Amino acid sequence: MHDDAGAGTGIATSAPLADEDQARADFYGLFAHLLLAPPDAALLGALAAADPVAAAGEFALEDAWLKLTQAASVVDAALVADEFSALFISTGTPLLNPYGSFYLTGHLNDAPLAALRQDLAHLGLARAPGVGEFEDHLGALCETMRVLIQGGPGMRPRGLAAQKALFEAHIRPWYAACLADVAHAADANFYRVVAGVVDAFLSIEAQAFAVLDTTDPIAA
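Read on for an overview of the structure. Numbers given for residues are sequential positions, taken from 1 along each chain in its written order. Reporting of local features is limited, given that this is a predicted model, to residues whose pLDDT is at least 70; pairs of side-chain atoms are given and counted only at 80 or more, and all residues count toward the totals for whole chains, interfaces and linings. For the side-chain quantities, the full set of heavy atoms in the structure was used; hydrogens and water were omitted.

## Examining the overall build of the protein
A helix here means a DSSP run of H or I that spans at least four residues, while a strand means a run of E at least two residues long, and both kinds are numbered starting from the N terminus. Helix and strand content of the protein: ten helices and two strands. Secondary structure elements of the protein occur, N-terminal to C-terminal, as β-α-α-α-α-α-α-β-α-α-α-α. Based on C-alpha atoms, the radius of gyration is set beside the globule rule, defined as 2.2 Å times the residue count to the power 0.38. Here the C-alpha radius of gyration of the protein, 17 Å, is about what a compact globule of 220 residues would show, namely 17 Å. Here the protein holds 220 residues, and the buried ones make up 43% of them. The rule is simple: take the accessible area with a 1.4 Å probe, protein chains only, and divide by the maximum for that residue type; under 20% is buried, over 50% is exposed, in between is partly exposed.

Right, here's the structure in full:
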């Protein structure tokens, strides 16, 4: 995902984020990485050495994060890569298709993807050149949320109104079903743990956005 409207403008990035927003952006960035590609040995090592999460009483996230760090400490990167391929890559139909269109309509590249692309265009965002995954891939949507929270080259961070609008329209309706499918897939071992922590985090986001009172448009 890149800034389509502001690329190359040299616009300065905004002031550092509040700690909570930086943590949210970091979670979304990590989940985007894990859902779009298998982790290498360096990332697994970093996860294994990561501190526990103190999530202000959100015990599901704390527990899921602990399980992820424990799993990362014992798994082999080559085996995780094989597992990723078995779950998400196939010469025919993959075992899992983590796309919004698939979960909302039963078909890839359908109306939900067109609606997402329209909303991304309003935000000045577009799929980066050379990226193979559609924008409604759950990993790509996590990366989009990271960009909305943190900003990027030529793009300022967007407020909670814009974040909520994208989450409510394009993530909340289907993420739980998708992650449940990952968690229950016969070939899922490490990715069963990944699904658990992503689901715990997105559930917190869904609860927080549900009580956020805003009627601002998606481009706010």
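There's more to say after this.
## A few points about the nonpolar core
Residues grouped as a nonpolar core are buried Ala, Val, Leu, Ile, Met, Phe, Trp, Tyr and Cys residues, joined through side-chain atoms within 4.5 Å. Grouped together as the largest cluster of nonpolar side chains are 60 residues, with contacts concentrated most on Leu166, Phe167, Ile171, Phe190, Tyr191 and Leu202. Residue contributions to this core peak at eleven residues, all from helix H10 (residues 190-210).

## Thoughts on the side chain of His170
If you trace the backbone, His170 turns up in helix H8 (residues 160-170). Take His170: its relative accessible area is 10%, and that puts it in the buried class. The contact rule is simple, with two residues in contact once any of their heavy atoms fall within 4.5 Å. In this structure, His170 is in contact with Pro112, Ala115, Leu116, Asp119 and Leu141, ignoring residues within four places of it in sequence.

## Section: unusual backbone geometry
Phi is positive for Asn109, close to 55°, though the residue is something other than glycine. Turning to its location among the elements, Asn109 is positioned in the loop between helix H5 (100-105) and helix H6 (111-123).

## Considering the packing of helix H4 (residues 77-88) against H10
Orientation is described by lines fitted to C-alpha atoms, with helices fitted over the stretch in contact, and by angles between N-to-C directions that extend from 0 to 180 degrees. It is at 9 Å that the axes of H4 and H10 come closest, and there the two elements cross at 75°. When the axes of H4 and H10 are compared, the pair comes out roughly perpendicular. Side by side, H4 and H10 meet where Val80, Glu83, Phe84, Leu87 and Phe88 of the first sit next to Phe190, Tyr191 and Arg192 of the second. Each residue is assigned to one of three groups, with Ala, Val, Leu, Ile, Met, Phe, Trp, Tyr, Cys and Pro labelled nonpolar, Asp, Glu, Lys and Arg labelled charged, and all others, Gly among them, labelled polar. For the contact of H4 with H10, the per-class residue count stands at six nonpolar, no polar and two charged. Oblique is the label for any angle not under 35 degrees, not over 145, and not in the 65 to 115 range, which are roughly parallel, roughly antiparallel and roughly perpendicular in turn.

## Regarding the pattern of salt bridges
Note that side chains of opposite charge can pair when their charged atoms are close. Throughout this description, the term salt bridge denotes a Lys or Arg side-chain nitrogen within 4 Å of a carboxyl oxygen of Asp or Glu. Tallied over the entire structure, the rule returns six salt bridges. The partner of Asp21 in a salt bridge is Arg24, and the shortest N-O contact between them spans 3.1 Å. On the criterion of helical spacing, the pair formed by Asp21 and Arg24 is a turn pair, its members being three residues apart in helix H1 (residues 19-36). On the accessibility criterion, Arg24 (8% relative accessible area) is buried. Here Glu135 and Arg117 are joined by a salt bridge, their closest N and O atoms 3.0 Å apart. With a gap of 18 residues between them, Glu135 in the loop between strand E2 (125-126) and helix H7 (138-150) and Arg117 in helix H6 connect regions that are remote in the sequence.

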